[in-house]
Each structure stands twice: as C-alpha cells, then as structure tokens.
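Each chain, written out:
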Amino acid sequence: MNSIFEGKLRVLDISMGWAGPLVGQMFVEMGAEVIKVEDTHHFDWWRGSLSVAPPEMQPIERAAVFNTANRGKRGVTLDLASARGIEILKRLIEVSDILIENFSPGVMERLGLAYETASAINQRLIMISMPSFGLDGPECNARGYGNTVEAMAGVTGLTGYHDGDGQRYTLSNALGDPVAGLHGVFALMVAMHERERSGRGQLIELAQVESLIPFVAEAILDFQFTEKLPAARGNRHREHAPHGIYRCAGDDNWIALACETDEQWRGLARALGIDDGRFATAPSRKANEEALDAEVSRAIAALSADDCVARIRDAGVLVAPVNSAPAVMADPQIQSREYFVAIERAVVGTHLYPGAVARIPDTPLRADAPAPLLGEHNRQVFAELLGMTNDQITELERSGVIGSTPREHRPAK
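Rules used throughout
Residues numbered from 1 in each chain as written. Predicted model: local features only at pLDDT ≥ 70, side-chain atom pairs only at ≥ 80, totals over all residues. Heavy atoms only, no water. Helix = DSSP H or I, 4+ residues; strand = E, 2+ residues; numbered from the N terminus. Polar contact = N/O pair within 3.5 Å; in protein donor to acceptor, adjacent residues only side chain to side chain. Phe/Tyr/Trp six-rings, centres within 6.5 Å; stacked < 30°, edge-to-face > 60°. Buried < 20%, exposed > 50% of the residue type's maximum accessible area, 1.4 Å probe, protein only. Lys NZ or Arg CZ within 6 Å of the ring centre and 35° of its normal. Axes fitted to C-alpha atoms, helices over the stretch in contact; angles between N-to-C directions. Parallel < 35°, antiparallel > 145°, perpendicular 65-115°, else oblique. Left-handed = near helix turned anticlockwise from the far one by under 90°. Contact = heavy atoms within 4.5 Å. Nonpolar A, V, L, I, M, F, W, Y, C, P; charged D, E, K, R; others polar. Pairing = 2+ DSSP bridges.

A. Inspection of the environment of Glu-33 at higher detail. Inspection of the secondary structure assignment puts Glu-33 in strand β2 (residues 33-38). Put simply, Glu-33 and Ala-367 are 334 residues apart on the chain and 13 Å apart in space, counted from C-alpha to C-alpha. A polar side-chain atom of Glu-33 sits 2.5 Å from a polar atom in the side chain of Arg-74.

In structure tokens:
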C-alpha cells in the first residue's frame with residue numbers, strides 16, 4: 001500500500017538543524033518526495049564540525065542527529081551565494097509544492113527568494129518560514145535555537161530544584177525544535193487543505209517561541225490570578241505527593257512515581273512496607289513532604305528497579321523505570337512493537353533509528369530510508385526534475401555551483 005502523499009507531493013527543504021528538517025522528515029514518512037538543499041560551503045550545521053575527525057573519515061556523514069532528522073530525503077547541493085545556484089533553486093521551486101526554511105528574518109530576501117518572488121514563480125507553492133522569534137517585532141533579528149527558545153518561552157524559568165539555590169536549567173534536548181517542527185507539519189496540512197479550495201499557496205509564518213509558550217500556560221494563568229511567581233518544585237507536584245524520581249538499589253537506577261489519591265498512597269505504603277498512618281491524607285503528605293520523601297526514598301533504595309516497578313504497579317500507582325538510552329532500545333514493550341528500524345547508510349553502516357510513531361494501516365508511514373550524503377542525489381534530481389544533461393551537471397560541479405565534498409567556508413558578507 002502507498003503512503004498518503006506517494007507520488008503526489010514534492011517538498012523543498014532548505015532548512016537546517018532540527019525544527020525545519022523535522023517537518024521535512026515527517027513528510028517523508030507520509031510518502032512525499034523531500035529534497036534537502038545544502039551548500040558545500042554552508043551545509044546543515046547538524047552535520048557537525050569538520051574538525052572532529054580527519055577528512056578521509058568523512059566526519060560530516062557521521063552525525064547521528066543529522067542522519068536521524070533527514071532520513072529518506074534526496075540530497076542536493078547548490079551554491080546560494082552564486083547567481084547560478086539561485087537560478088537553479090528557483091527552477092526547483094517551480095516544480096515543488098512546499099518550501100521549508102528556518103533562517104533568520106531577511107535571509108530569504110537577501111537571497112532574492114522572498115515569498116513574493118517564490119509565489120510569482122509558482123502560485124501553488126506553500127512556503128513555511130520558521131524563525132526563532134518571528135518575522136517582525138523588536139527582537140525578530142535575534143538568533144536562536146531550541147534552548148534559547150525554551151528560555152524566551154518561559155520553560156527554563158520553571159525549572160529548578162525545590163531545595164536548590166535558585167538556579168534554572170535548560171532541558172538539554174532543545175525542546176523548542178521538535179515542538180516547532182510538529183506545529184509546522186500541522187500548519188502545512190491546513191495550508192494544503194486551503195490550496196485544494198483556492199488553487200493558491202500561501203506563506204506560513206511560524207515563530208518557534210510562540211509554539212512553545214502553551215507549555216507554560218498553567219504558570220501564566222497562575223500568575224495572572226495570584227501575581228506571584230511560581231516556586232521551583234523540582235520533580236514535585238503542586239498537589240500530589242509522593243511525586244518524583246527515586247533512586248533504587250544498584251548503580252544509577254531510578255524510578256518515577258506519582259501518587260494521586262489516598263487510596264493509591266495506602267497501596268504504595270503496603271507495597272513498600274511503610275506505615276501509612278502519618279501521611280494518611282493529601283494535606284498531611286504535602287505538609288510533611290520532606291519526611292515523606294525520606295521514607296519513600298529509604299524503602300525504594302533497598303529494591304531493584306524491576307522489583308520496585310512491579311510492586312508499585314501492582315499496587316495501582318503510576319510508576320515507570322527511568323530508562324537510559326540503551327534501556328529504551330532493550331525495553332521488551334518497545335522491542336515487541338518493532339519501533340526501532342535498522343537502516344543501512346553509507347559511511348556509518350547499519351544502525352537502529354526511530355520508526356514512524358503512528359500506525360496507519362491503509363496509508364502506512366515509512367521511516368526506513370537513510371539520510372542523504374552531501375550532494376548524493378545531485379545528478380538524479382537535476383536530470384529528472386530539471387532535464388539537465390550529464391555535461392551540464394558536470395559543468396556545475398566544475399564551476400563549484402554543486403558538489404559532494406565540503407569546501408572551505410567563505411567569509412560572511
């Protein structure tokens with residue numbers, strides 16, 4: 001069975017990092033043809049630094065993050081500082097349905113590729129622009145990435161330990177990027193639906209910071225009503241206790257648990273051999289949370305993670321092991337569903353990658369193709385889509401407009 005967009009949709013992805021490329025990668029899963037456009041001078045920065053290994057090891061092809069976020073795309077290169085490179089990109093725009101970019105405001109205009117120009121080339125083109133902070137406003141020109149977006153959206157302001165020194169922490173996984181990427185997929189679906197009605201594309205502006213602000217909606221509403229800043233709680237809950245991450249026996253083994261009702265507390269106390277009378281009600285548990293956590297921590301520290309999870313789960317309390325990355329891949333539930341997919345890729349060999357999340361029997365998602373090498377599909381794409389001859393493509397290589405190996409970075413203009 002074919003995926004939903006198989007043979008029906010072409011996406012031009014000139015974005016870098018995670019937020020924009022994730023949009024393209026999800027369209028790959030839905031069967032779209034996604035063409036990843038890079039520059040041999042300024043390739044996707046998620047490929048990593050050229051200095052981490054000697055050139056003969058092809059270090060830019062070994063970045064796991066790039067190889068994950070760009071699976072299934074066809075890769076081409078174009079020198080976008082050259083008139084010839086821009087001309088070819090415009091020809092690709094003419095035969096594409098969607099254009100994804102996540103540059104700072106003004107970059108597309110300086111390249112001569114503002115939406116008005118792209119739309120004049122292809123009136124059905126939907127272009128999604130994903131700057132960190134929007135296309136206008138006093139800070140629109142500030143550069144950002146996932147962690148700075150987290151901070152601007154207020155997410156970082158809610159981190160910190162309840163008994164800490166007032167420090168705040170990033171979440172370390174650049175949450176702003178995937179959240180913006182998922183919003184981008186949704187926005188493009190809406191624009192595609194509208195194009196079916198009107199026959200025309202449109203420009204989608206998606207400020208990454210605005211996509212993340214709903215994550216702190218509770219804190220914003222709380223401040224509006226109380227005019228007080230929320231205190232740092234670490235892993236604790238504002239109402240329920242015990243609630244947090246607890247260390248088990250062994251080397252760096254932990255579980256997460258959440259006890260929401262008096263009945264659950266009684267079950268937890270029985271499972272762990274704790275006297276439940278002192279903490280019988282929710283108010284008494286919150287009022288004595290330090291002592292409660294000490295009791296729970298002492299009991300859990302004597303148990304293995306597997307034994308602890310089994311006991312607490314049998315007691316009807318929400319609990320899960322805190323898995324390391326290897327433990328996630330070895331988890332019998334994940335393995336039984338065959339979520340991870342083995343993909344062979346040049347240079348790095350065969351590795352397991354995340355599979356498609358949704359299972360859609362009639363239009364299955366696909367996540368089993370490798371990310372492209374730099375410029376891997378130059379000849380295929382330029383011949384198939386633009387009708388170029390081998391000699392014309394060879395001349396583009398000779399003149400440096402396209403290529404498949406990194407070139408020394410030009411100084412910024």
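Past the structure itself, the notes keep going.
B. Representation of the packing of aromatic side chains within the structure. For the structure on display, the rule yields 6 aromatic pairs. Taken together, a centroid distance of 5.8 Å and an interplanar angle of 70° make the contact between Tyr-161 and Tyr-169 edge-to-face. Taking relative accessible area as the criterion, Tyr-169 reaches 34% and is therefore assigned partly exposed. Taking 5.0 Å as the distance between ring centres and 70° as the angle between the ring planes, the aromatic pair formed by Tyr-339 and Phe-340 counts as edge-to-face. Following the ring pairs from residue to residue traces out a cluster consisting of Trp-18, Trp-45 and Trp-46. Above the plane of the ring of Phe-66 lies Arg-47, whose end atom (NZ or CZ) is 3.9 Å from the centre.

C. How the structure looks around the packing of helix α1 (residues 19-29) against helix α7 (residues 176-198). Contact geometry of α1 with α7 gives a least axis separation of 8 Å together with a crossing angle of 50°. One element, α1, and the other, α7, form an angle in the oblique class. Between α1 and α7 lies a crossing of right-handed hand. Judged by residue contacts, Ala-19, Leu-22, Val-23, Met-26 and Phe-27 of α1 engage Asp-177, Pro-178, Ala-180, Gly-181, Leu-182, Gly-184, Val-185, Leu-188 and Met-192 from α7. Taken together, the residues that form the contact of α1 with α7 break down as 11 nonpolar, 2 polar and 1 charged.

D. Seen up close, the sheet that holds strand β9 (residues 318-321). Read from one edge to the other, the open sheet built from 3 strands follows the order β7-β8-β9, with strand pairing classed as antiparallel. With partners counted over all chains shown, the strands left at the sheet margins are β7 (243-247) and β9, one partner each. For this sheet the average axis-to-axis angle between neighbouring strands, irrespective of direction, equals 20°. Examined bridge by bridge, strand β8 (residues 254-258) and β9 share 4 bridges and lie antiparallel to one another. Across the sheet, Leu-257 pairs through a bridge with Val-319, a residue of β9.

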